[in-house]
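Understanding the architecture of this molecule
Here is what each chain is made of, one letter per residue.
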Protein chains: 4
Amino acid sequence: MIDRPPAAPPPESSFPLKGRLMPKDVIPNDIFEQRESAARSYCRSMPERFTQARGSELQGSDGRSWIDFLAGCSSLNYGHNDPDMKAALVEHIAGDGIAHGLDLHTDVKADLLEALDRHILGPRGMDHKVMFTGPTGANAVEAAMKIARKVTGRTNIIAFTNGFHGVTLGALAATGNGYHRGGAGTTLNGVTRMPYDGFMGRDCDTTRFLEAMLADRSSGVDAPAAIILETVQGEGGLNAARPEWVQRVAELAHEHGALLIVDDIQAGCGRTGRFFSFEEMGVMPDIVTMAKSISGFGLPMALVLVKPEYDVFGPAEHNGTFRGNTHAFVTARVAIEKFWADGKFQKKLEEKAELIGGALSNIAKMVPEAKLKGRGLMQGVDVGAGALAADICARAFQKGLVIETSGSEDQVVKVLAPLTTPEATFRKGFDILRDATREALANQAQIAAE
Amino acid sequence: MIDRPPAAPPPESSFPLKGRLMPKDVIPNDIFEQRESAARSYCRSMPERFTQARGSELQGSDGRSWIDFLAGCSSLNYGHNDPDMKAALVEHIAGDGIAHGLDLHTDVKADLLEALDRHILGPRGMDHKVMFTGPTGANAVEAAMKIARKVTGRTNIIAFTNGFHGVTLGALAATGNGYHRGGAGTTLNGVTRMPYDGFMGRDCDTTRFLEAMLADRSSGVDAPAAIILETVQGEGGLNAARPEWVQRVAELAHEHGALLIVDDIQAGCGRTGRFFSFEEMGVMPDIVTMAKSISGFGLPMALVLVKPEYDVFGPAEHNGTFRGNTHAFVTARVAIEKFWADGKFQKKLEEKAELIGGALSNIAKMVPEAKLKGRGLMQGVDVGAGALAADICARAFQKGLVIETSGSEDQVVKVLAPLTTPEATFRKGFDILRDATREALANQAQIAAE
Amino acid sequence: MIDRPPAAPPPESSFPLKGRLMPKDVIPNDIFEQRESAARSYCRSMPERFTQARGSELQGSDGRSWIDFLAGCSSLNYGHNDPDMKAALVEHIAGDGIAHGLDLHTDVKADLLEALDRHILGPRGMDHKVMFTGPTGANAVEAAMKIARKVTGRTNIIAFTNGFHGVTLGALAATGNGYHRGGAGTTLNGVTRMPYDGFMGRDCDTTRFLEAMLADRSSGVDAPAAIILETVQGEGGLNAARPEWVQRVAELAHEHGALLIVDDIQAGCGRTGRFFSFEEMGVMPDIVTMAKSISGFGLPMALVLVKPEYDVFGPAEHNGTFRGNTHAFVTARVAIEKFWADGKFQKKLEEKAELIGGALSNIAKMVPEAKLKGRGLMQGVDVGAGALAADICARAFQKGLVIETSGSEDQVVKVLAPLTTPEATFRKGFDILRDATREALANQAQIAAE
Amino acid sequence: MIDRPPAAPPPESSFPLKGRLMPKDVIPNDIFEQRESAARSYCRSMPERFTQARGSELQGSDGRSWIDFLAGCSSLNYGHNDPDMKAALVEHIAGDGIAHGLDLHTDVKADLLEALDRHILGPRGMDHKVMFTGPTGANAVEAAMKIARKVTGRTNIIAFTNGFHGVTLGALAATGNGYHRGGAGTTLNGVTRMPYDGFMGRDCDTTRFLEAMLADRSSGVDAPAAIILETVQGEGGLNAARPEWVQRVAELAHEHGALLIVDDIQAGCGRTGRFFSFEEMGVMPDIVTMAKSISGFGLPMALVLVKPEYDVFGPAEHNGTFRGNTHAFVTARVAIEKFWADGKFQKKLEEKAELIGGALSNIAKMVPEAKLKGRGLMQGVDVGAGALAADICARAFQKGLVIETSGSEDQVVKVLAPLTTPEATFRKGFDILRDATREALANQAQIAAE
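Residues numbered from 1 in each chain as written. Chains lettered and ligands numbered in written order. Predicted model: local features only at pLDDT ≥ 70, side-chain atom pairs only at ≥ 80, totals over all residues. Heavy atoms only, no water.

Below, the discussion takes up the packing of helix 13 (residues 386-398) of chain C against helix 14 (residues 423-449) of chain C. All names here are of chain C. Close contact between helix 13 and helix 14 brings their axes to 8 Å; oriented N to C, the two are set at 130°. Judged by the inter-axis angle, helix 13 sits oblique to helix 14. The crossing of helix 13 and helix 14 is right-handed. Counted together, Leu-388, Asp-391, Ile-392, Arg-395 and Ala-396 of helix 13 and Ile-432, Leu-433, Ala-436, Thr-437, Glu-439, Ala-440, Leu-441, Asn-443 and Gln-444 of helix 14 form the full contact between these two elements. Counted by class, the contact of helix 13 with helix 14 contains 8 nonpolar, 3 polar and 3 charged residues. (Axes fitted to C-alpha atoms, helices over the stretch in contact; angles between N-to-C directions. Helix = DSSP H or I, 4+ residues; strand = E, 2+ residues; numbered from the N terminus. Parallel < 35°, antiparallel > 145°, perpendicular 65-115°, else oblique. Left-handed = near helix turned anticlockwise from the far one by under 90°. Contact = heavy atoms within 4.5 Å. Nonpolar A, V, L, I, M, F, W, Y, C, P; charged D, E, K, R; others polar.)

Turning next to the relation of the copies chain B and chain A. Superposition record for chain B on chain A: RMSD 0.0 Å, screw rotation 180°, translation along axis 0.0 Å. Here the symmetry operator amounts to a two-fold rotation axis. Both copies present the same face, since 100% of the interface residues in chain B are matched by interface residues at the equivalent positions in chain A. (Least-squares fit on C-alpha atoms with pLDDT ≥ 70 in both.)

Residues and elements named next belong to chain A. Split into domains, chain A comes out as domain 1 (14-81 + 345-449) and domain 2 (83-339). Facing 31 residues of domain 1, the contacting portion of domain 2 comprises 33 residues. Counting the surface lost from both domain 1 and domain 2, the interface buries some 2600 Å², and carbon and sulfur atoms represent 51% of this. Considering only the surface of domain 1 that becomes buried against domain 2, Tyr-78, Arg-375 and Met-378 emerge as the three largest contributors, covering 30% of it. Where Arg-274 meets Glu-350, a salt bridge forms, and the shortest distance between an N and an O atom there is 3.7 Å. Counting across the domain 1 and domain 2 interface gives 22 residue pairs in polar contact (both at pLDDT 80 or more). Secondary structure elements with two or more residues in the side of domain 1 that touches domain 2: helix 3 (71-74), helix 12 (344-366), strand 13 (371-375), strand 14 (378-382) and strand 17 (412-415). (Domains from an automatic or database assignment. Buried area = accessible area lost by both parts, 1.4 Å probe. Salt bridge = Lys/Arg side-chain N within 4 Å of Asp/Glu carboxyl O. Polar contact = N/O pair within 3.5 Å; in protein donor to acceptor, adjacent residues only side chain to side chain.)

Geometrically, a pair of aromatic rings is defined through the distance of the ring centres and the angle of the planes. This model, assessed by the stated rule, comprises 66 aromatic pairs over all chains. Judged by centre distance (5.1 Å) and plane angle (85°), the rings of Phe-275 of chain D and Trp-340 of chain D are edge-to-face. With Phe-275 of chain D in the loop between strand 11 (259-263) and strand 12 (287-290) and Trp-340 of chain D in the loop between helix 11 (326-339) and helix 12 (344-366), this residue pair connects regions lying 65 residues apart in the sequence. Judged by its relative accessible area of 2%, Phe-275 of chain D falls in the buried class. Ring-pair connections join several aromatic residues into one group, and the members of that group are Tyr-78, Phe-275, Phe-276, Phe-278, Phe-339, Trp-340 and Phe-345 of chain A. (Phe/Tyr/Trp six-rings, centres within 6.5 Å; stacked < 30°, edge-to-face > 60°. Buried < 20%, exposed > 50% of the residue type's maximum accessible area, 1.4 Å probe, protein only.)

This part is about the pattern of salt bridges. Counting across every chain of the model gives 124 salt bridges over all chains. Close ionic contact of Asp-96 of chain B with Lys-86 of chain A constitutes a salt bridge, the shortest N to O distance being 2.8 Å. Highlighted residues: Asp-96 of chain B in the loop between helix 4 (83-94) and strand 4 (105-106) and Lys-86 of chain A in helix 4 (residues 83-94), drawn from two different chains. Here Asp-96 of chain B falls in the buried class, since its relative accessible area comes to 3%.

Our next topic: the interface of chain B and chain A. Listed as interface residues are 105 residues of chain B and, on the opposing side, 105 residues of chain A. The junction of chain B with chain A conceals about 9300 Å² of combined surface from both sides, 58% of it contributed by carbon and sulfur atoms. Ranking the residues of chain B by area buried against chain A places Arg-35, Asp-96 and His-105 of chain B at the top, with a combined share of 10%. If you look at where chain B meets chain A, you find 8 salt bridges. Between Arg-35 of chain A and Asp-117 of chain B there is a salt bridge, with the nearest N and O atoms lying 2.8 Å from each other. At the surface where chain B touches chain A, the tally comes to 58 residue pairs in polar contact (both at pLDDT 80 or more). The residue makeup of the side of chain B that touches chain A, split by class, is 44 nonpolar, 35 polar and 26 charged. Looking at chain direction, strand 1 (residues 49-54) of chain A and strand 4 of chain B are connected through 2 bridges and run parallel. Looking at strand 4 of chain B, one finds that Arg-49 of chain A is bridged to His-105 of chain B. (Pairing = 2+ DSSP bridges.)

Once that is clear, we can look at the pairing of strand 18 (residues 412-415) of chain C. Residues and elements named next belong to chain C. Both faces of strand 18 are covered, namely the face carrying Val-412 and Lys-414 and the face carrying Val-413 and Val-415. Of the strand pairs in this sheet, strand 17 (residues 404-406) and strand 18 are connected by 3 bridges, and their pairing is antiparallel. Residue pairing for strand 18: Glu-404 is matched across the bridge by Lys-414. Taking the residues between adjacent antiparallel strands as the criterion, strand 17 and strand 18 are bridged by 5 residues, where Gly-407 takes a positive phi near 105°.

This part is about the sheet that holds strand 3 (residues 65-68) of chain B. Residue and element names in this part refer to chain B. Across the sheet, which stays open at both edges, the 4 strands sit in the order 1-2-3-16 with mixed pairing between neighbours. Taken across any chain shown, the strands that pair with only one partner, and hence form the sheet edges, are strand 1 (50-54) and strand 16 (401-402). Pairing of strand 2 (residues 57-60) with strand 3, which is carried by 3 bridges, proceeds in the antiparallel orientation. Following the sheet pairing, Leu-58 is matched in strand 3 by Trp-66.

A few words now on the sheet that holds strand 11 of chain D. All names here are of chain D. Taken in spatial order, the 7 strands line up as 5-13-12-11-8-6-7 in an open sheet, and their pairing is mixed. The open sheet terminates on both sides in strands that have one partner only, identified here as strand 5 (129-132) and strand 7 (191-194). Going across the sheet, the axis of each strand differs from the next one's by a mean of 20°, ignoring polarity. Bridge count between strand 5 and strand 13 (residues 303-306): 4 bridges; the pairing is antiparallel. Each bridged residue has a counterpart across the sheet, and for Lys-129 the counterpart in strand 13 is Val-306.

All names here are of chain A. One can describe the packing of helix 12 onto helix 14 (residues 423-449) by two numbers: an axis separation of 10 Å at closest approach and a directional angle of 15°. The orientation of helix 12 relative to helix 14 falls into the category roughly parallel. For the element pair helix 12 and helix 14, the recorded crossing hand is right-handed. Counted together, Lys-352, Leu-355, Ile-356, Ala-359, Leu-360, Ile-363 and Met-366 of helix 12 and Glu-423, Phe-426, Arg-427, Phe-430, Leu-433, Arg-434, Thr-437, Arg-438 and Leu-441 of helix 14 form the full contact between these two elements. Residues that form the contact of helix 12 with helix 14 fall into these classes: 10 nonpolar, 1 polar and 5 charged.

See below:
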């Protein structure tokens, strides 16, 4: 779609440049204004009615198209409407395959489990059980936290600064974001906060602090049921932990009888260059939470991988009507077989990660004191201020690129393109991002001069 | 499918008769045994690998078929694979319609909002806003509880005995079920429990107790942010509240500055004979939670309807990657237009409810001290003991009927057939249920005699 | 003291008649205004600087004296400065007896334990261990709740409407009073509230509700660690539970594996006519909390009586610098030996209780719809409104009687005179109370007429 | 007393040398065994029945005497039975002064407030209000935490590693000690733990961590209502914070809208060499909690000093029967007038602190890797292991010295002698401590050699 000349952008002056906090919807008094809750968000900074999507591109109702560097917040790692998944899903639906099956056995669930066994878990030496939870990442995190508490008989779970694990009360207690925590309406209990890798600067090994807190019986930090972490904090600002930091955390968890939970909801499914983000880090989590791209197609699905010895839930002890989404089983199976049955896809990811790193490095050079963040195919640039990052993304959107920010001040411009994005599309996207950055910086300089 | 002769049932003795708590999977050592978590549940009492479904019937991999009186726990109110929804969904997918769009505006979301506005909310005088939450009922409940707490600045939420609202920590605090509460692994806070209608017997108006507790400033029950209730408790044993009870609760909520939340996740979407379960009860909830059948097709989707004055969330304050499931928007829109654009469908529901009531009444007469439960198309028979109910359901399954239990002791045999089930299918199903009940009672008598 | 002619009361008009909520201190800008926190309370409705006290009388700095129908909220059951306790205490102090001994063994602690053993516990068949907690009732309650939770491994504690157990966070969760709960500043967890005897009217046996909630595994009331109750709710409005109600609660506690905690802080030490308020009720609590009059002299001391099999704390697991107050050991021992070594004192209490009941009955007849409350020597009159009760107490104070209110609306005029009050003093006090009531009613009528 | 030859110690072998964890009471089957709860503690490692005490000495029922280096855990800063306090107290009691007055105004309360105003608060420029809480330190801490939460409308309170603030649920949440936290029986909420000064070694300024956590809006540390700290952690192992650390914490509290609470329960009343432990540190706490030695005589009393603008409690919003202990008012007033009306007492404290430091330094040299801890008159030696420290204290006790340990492993031998201890008595006490240390080390070496 991007090959067609894009529709002329709206005149500069009509576009909200003050950042994404107070934008206006583009079509006032429409059905969204009338009926959709004020909780809606992305649609505010990307005021368009989208209709179609293919690969790395989105198309709006006015015929314009956008390169997608957001990918459903990493839920579309294989792009929009992958033709093979699409074909399998249409065939399934057309043939009256099960659409909803609670947690009954179905042929397609068996197929998915076999694909996971053969191509994902088996080759990585993981004997983990697969638990299909309610189809949100938060639900998987809640299940994981419950399991750890049941296994250990302990309550306390250690989570990290800038971690993001969801907004239902159990998961929200583990989430660092103050805006989301403020929405809880009640106290958030049972979680102790520790500094993530790099939180106190690169020279400070924050595991020393964790170690000291756990070792001292009067530290006030109760013996933990689990330590939960993301190896790259997607929402928290693309903070990437060093392997040795993750290893040390895993050791401490083991020493203190706590389970290690890796929340791979955003960083998993190839996003960091491997299927799991923790591969080649020398750790094996006791529990892994998956969601977002696990269905391959953007369909709601979440799961928990848990070591057999910790698979302690009774039947339906943690349940939910949509635990398991049969359509998602179909596409997830295809995704695994298409992309992970051999090493070809993974190999290409390395090249793409380099491409992204290089392009972002050039953009970072334009912004004083900017920092590169992240790793693999979840990289970004910390431009120092949320307002600038928002302006860059708004200008990029005008020019045909969907891209978003992250971080505690929304100060990181984050690239989460489909892993399948062709090199040429990447280059076009980065050209737009470079232009948007240049314009936003010029605008900033002009405002400062006034 | 049911027309074909069913495969011969396995010999009686091989079937687990000891209830559903300790069944064996039918195919030991298969992929489910090997890789699926012990949290799996329905598959234990219904040991079959299902492959296809249409209308009110499910088909297994061995060619056998079942009448479905479970309907995905009320997630399939319009039956399996409704041809109109199926056609629209296949067209959407085939045409590269958006599969995953975060909370961006899409054409199909607009279409759904317009259908809700025109056919559901408008005609019922509801100016509620629609909030798409993460696609689980629990997520909608968590959002509703947060809203009430934010609106009122209070923490306490009043929930009822035998209420079921989900198993993530916030929702679980409001859920009565001890088995699920026991899985929390930490304390469940912020909820006060009150007796539901009928909890103390039909002669006791339990709102008097609620009223006294709220009126007395030293009762120890803090001023509530909300009162949350189901008008029929689906999981809690098909307890149906009387309209005057619901009205009185609504009045008390209003008098004490609390929001009224009706959790219509299981009882909504026509299940009680009206689109909303609270219609014709003379109450208008401040917040309504919907999930299960709201997509029409069994796809994961949940939403919160909230009065505009209480639509207080900031952008993404309660968020989640899968808030809004674009495929579900497509089928939900068709479901509304097909079934709710005029009064025909609703009218037929009354006849079916009568049919169900009559059939269950006959079955109840077979069981000493059995009681009819529920209303509309969510009715059942309390057979007095979980073991008997489980045996009835197990025998029914052998004979070609999928049916489940509910209640605090799993003592209620519950009929949750698709609302679209033809009369003939209903009759076949009830014939099976009658036979299963007779056999289970005979077996019980024989055991007692031994 | 009361024999001397009292100083002339201040002229009527100068006294605050608008109730006790907004009184002025009598000596503005004094050291109390300047330096004492606004949390001070009784001094507001009783604006006098007290200097001496003996028996049932208090004397102020201006030479006036008051009959004391408050008795330190039941902390002075044996009156002020009992001469025998006084002599023993002065001797102890003069002889350099231990003033503060942590929880070291002392001769006077041994003496007290022996007196408890010989005169209190032994004769009543109680093999309970004595735990000296921090010297506040709240501290004893916190210890009791911890013990029950440790014994059972459960968290939930059942408390009753209008119960009052203290204002530290653990105890406050069990306290019903909304004003005090509002001061918590955080959520109060781990307690389920049940209706006390009479809460739903005399005809409603509220144990049926408790029974139903405990029996139903999906009631949402988690299995309790303990049930805590006062047999007469002193602060809650002198609600007296019937013996059969207490028995039934005790049975339910036993059936459900919960400990029975009787909080006898206000109702114990003879206040109801027996040493323990639960005597002759046919129950034996697993834990009893004592404070207020246990020292006999009004000195801070609190203790927990716990059955040996539940004496599970490790050394100092619940500790506190002032656990055990050596001076209080001295007076407590004398109090026990003087008043409880034989049955004479208890016998007199019966007569006094009758006297109180009769006198209050006469006063109650003066007030439309007034109700007698309480039992033994903790009786009062519910006059229907807090403003009237406050006015009665204010006028009584002007006339030489110290008396206070209780109840959720402060609507109960409460008599908590020393148990040792002579009959003549009782009569004088009740004469004042009758006059004060008459005047308050006249004033009320006049205001209503205006 | 110590001048008389001590009774011969029991033969070596009969004494429990295995540390204080599993000692036997010296008189088995006595009244303490029979009736006192297993929660008793100090009496286990100091098996004696004490009868009298004067100044810095304790006497047992067998005529033996001990030098007291424990001083009621800093509750007897002016020694046992100070003659002037004793005389005033005896006069008060003999003259029928009020023994218990709830929070009524009394002459002796006025006297105390005036003494506090004139000699303590006024000269230090403190306009704080005085709130008399229940007479335990924990109760004062609970009140302080409530005040901070009410003032700010926030819940979170920041406390430090190894802090000790009491064991009632609110205070216990702020306490670090794992043994005590384990006794809670429920989750401890509303407190975030930060590293105290020196927790990560002397080179790590832990306020940097606090600063970073408070500055980052996604750190997961919610905006605090208060920061609570001890300037020297008495129970936590005599960790003494540097003035610049306390200042930085105070600044951060101010910057982030949190109240600064200094818990001066153990370190106050001259223990560090000044009346308040934070004097000359350049900070002025918003709230100060006092207990232990505030009565001067070891009587139970606690209070909260709160800046007038934060004196937000309503009347009796935080209450308790024993809030204010009239006997303690008498002795507290004498203590202030005798010791703090001029600078003489304080001057002597400097000399004594030096003496203690010197003596402990010599003892520390005997123990490999021992460290001096604390400051002023709360100093000690970290001997590296709890077993060794317990053995030293047990041997000291045998030789006539009462002394205890503190710290997360009970590894610090702690000197908390009365501030009034004469130099000669100090020297005798340290001679015993030195001998006990030598013997314990020899015993340790012998065991190691075996």
